[in-house]
Amino acid sequence: MIRFETIAWHAGAFRLENISFTVPAGRYAVLMGRTGCGKTTLLEILCGLRRPAGGRVFIGERDVTDLPPGERGIGYVPQDGAMFPTMTVREQVGFALAIRQRPPPEIAARVKELSDSLGIAHLLDRRPQHLSGGERQRVALGRALAAKPSVLLLDEPLSALDEELRDDLAALLKRVQREQGLTALHITHSQHEAEQLADVRFRMAAAGVTEVRQP
Amino acid sequence: MSSPLQRVSPFWVSLGAVAGLYLFFLLAMLTATACYTTPGKLIEALAKREIQHSIGLSLLTCTVTALLSLLLAVPVGYLLARARFPGKPWLEAALDIPIVLPPMVMGLCLLILFQTRFGQFIEHFMPFTYTVFGVVLAQFTIGAAFAVRTMRHTFDHLSSRPEDVAMTLGCTRAQAVWRVTLPAARRGMFAAASVAWARSLGEFGPILVFAGATRMKTEVLPTTVWLELSVGNLEAAVAVSLLMVLCAMLVLAAVKWLGEEV
C-alpha cells in the first residue's frame, strides 16, 4: 500500500497542498494530470528525493517520510531510464545488491533471473550507449526490481517509445507487477496506457488528487 | 544536415576565411619562432644545467598543481552545479577572482598575505615565500579557478537523474556521486587537470612576485624565458619557448583526442 497524507510542497510560486490518496496493496495505480501539475514531484516525495513541506508518506503501514530513499523499499523507473553511463547492463541490474554488499554468487543469480524474465540476457555486457530506448527501459526495470522492492514507481516509462514497443513493455510491466505482487504507481499522459495497465486510476489537478471511478 | 552545396555558400566561405586568417596568423607566429633557431642551438640551450633544472621543476610543480586543483575542483564544481543555496551567485563571482585579476596582482596579494600574522604562522610550519612551495601555491591559485570552471561545466552537463536512481537503490548521496557520477565525469576531470596543468606551465607574474626568480631554486620555464631575455640570450629564450609550445600542443592534443576516450 502507498498512502499520501495531507502532503504539501512549496517551490517558489508552485505549491502542492493537502494531497491525500491511497494506492491499495498489490494494485497497479495510474496517475494522470496536466504537464507541470506536480505528478513527478509527488513521485519524488514518495522516493525520498524531495522533502515535503508538510504531511506524511506511508509505504505499507510504515511511515517513510523521514527515511532516506534507499531504505524505503522502492523500485524507481524514470522516464529516460536514467542509465548509469559507465556501467554494463550486468552491473546496472546487480547495482542494488552490490551496494548492499551481497555475495557475488547471489548477485549473479539475481541478475540472471531478472535478465531472463525481462528478455535482456543477451544485453548483459553492453553499455547504455549501445541500447535502444525499449532495451533501456527493460534494464531500468530490472535494476529497480533487483532488491525485491514492495513498491514500483514509474515516471512516464513508455513515453519515449514507439507504439509497438510501448504495448510490449506495458504487457511486461503488468506481468511483472502481478507475478511479484508489487504495488505500482505509474505516471502517464496516455489514456491508452491507463486502460491497458490500471487497476486504479487517479487524476491530479490544482485541487488535489482524486480517484477516477470506472463505469 | 547541410548538403555539400550549402557548405560552399558565400556565407560559410566568409566564415571559413575569417577562421583561416586567424589560424594563419597563429601558425605564422609559431613558424617564425621555430625558424629563428637551429636544432643544434636548441639542443645546446636545453643541455644547460639551469634550464634542465627549470624544465624538471616546471613539470613537477605543474603536475602537483594539477592534482591539487582537481582535488578542489571536483567538490566545488559539484557544489556549484547541483546545490542551491543563498549567496550562490556571490560565491560563483568570488571563485572567478583569480581569472579576472591581473596575475601580477595575484602574486602581490599572496606576498602580502604571507606577511600578515596569519601568513607568518603558516610560514612557521611550511615556508612558501621564495620557495618551491610558493611556486606551487602561485600556480594553484590561478590554475584551480580554471579547473573549477571546467568541473562545474562537466557536472552541469551530467544529468542528476542516475544519481537519484542510485539513491533509491540504497546509496547515500556520497556513494551515488562516487559510484555513478564521478566515473561518468572522468573525461571532465582529465580536461580540468589538463587545463590547470597548462595554465600553470605558463604562469609567470605571480611566481616572479611570490616565489622569486632564483636560478636552480624557484626558476620555472617562463622565468627562464624572462631571465635569458634579460641577459640578451635570445637563442635560449626561444629554445625554452619552443619547448613550452610543444608542451601546450601535447596537452591540447591529449584533451582533444585522449579526452574522447577517457
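These lines cover the structure that appears in this document, whether it is placed above or below.

## Concerning unusual backbone geometry
All names here are of chain A.
Turning to step 1, where the next piece is worked out: Residues other than glycine seldom take positive phi values, yet Ala-82 does so here, at roughly 45°.
Turning to step 2, where the next piece is worked out: Summarising the element assignment, Ala-82 is placed in the loop between β6 (74-77) and α2 (89-99).
Turning to step 3, where the next piece is worked out: Accessibility expressed as a relative area gives 4% for Ala-82, which makes it buried.
Turning to step 4, where the next piece is worked out: Its identity is not glycine, yet Gln-101 carries a phi of approximately 55°, on the positive side.
Turning to step 5, where the next piece is worked out: Since its relative accessible area comes to 71%, Gln-101 is described here as exposed.

## Structural notes on the nonpolar core
In summary, soluble globular proteins display a tendency toward joint burial of nonpolar side chains.
Turning to step 1, where the next piece is worked out: Core analysis: the biggest nonpolar cluster contains 77 residues, and Phe-4, Leu-42, Phe-95, Leu-141, Leu-152, Leu-153 and Leu-185 of chain A have the highest contact counts within it.
Turning to step 2, where the next piece is worked out: The element best represented in this core is α2 of chain A, accounting for 6 residues.
Turning to step 3, where the next piece is worked out: Discounting chain neighbours no more than four positions away, the residues touching Phe-95 of chain A are Phe-84 and Met-87 of chain A together with Ala-166, Leu-169, Cys-171, Arg-179 and Val-180 of chain B.

## A few points about the sheet that holds strand β8 (residues 183-187) of chain A
Residues and elements named next belong to chain A.
Turning to step 1, where the next piece is worked out: Strand order in the open sheet formed by 6 strands is β6-β7-β8-β3-β9-β10, with mixed pairing between adjacent strands. A single partner strand is all that each edge strand has here, and the edge strands are β6 and β10 (208-212). Taken pair by pair, the neighbouring strands of this sheet meet at an average axis angle of 20°, ignoring direction.
Turning to step 2, where the next piece is worked out: The pairing of strand β9 (residues 200-205) with β10 spans 5 bridges and is antiparallel. Bridge assignment links Ala-205 to a residue of β10, and that residue is Gly-208.
Turning to step 3, where the next piece is worked out: Contacting β6 and β7 (151-155), helix α4 (residues 133-145) crosses the sheet at an angle of about 165° to β6.

Conventions and cut-offs
Residues numbered from 1 in each chain as written. Chains lettered and ligands numbered in written order. Predicted model: local features only at pLDDT ≥ 70, side-chain atom pairs only at ≥ 80, totals over all residues. Heavy atoms only, no water. Helix = DSSP H or I, 4+ residues; strand = E, 2+ residues; numbered from the N terminus. Buried < 20%, exposed > 50% of the residue type's maximum accessible area, 1.4 Å probe, protein only. Core = buried A, V, L, I, M, F, W, Y, C linked by side-chain atoms within 4.5 Å. Contact = heavy atoms within 4.5 Å. Pairing = 2+ DSSP bridges. Axes fitted to C-alpha atoms, helices over the stretch in contact; angles between N-to-C directions.

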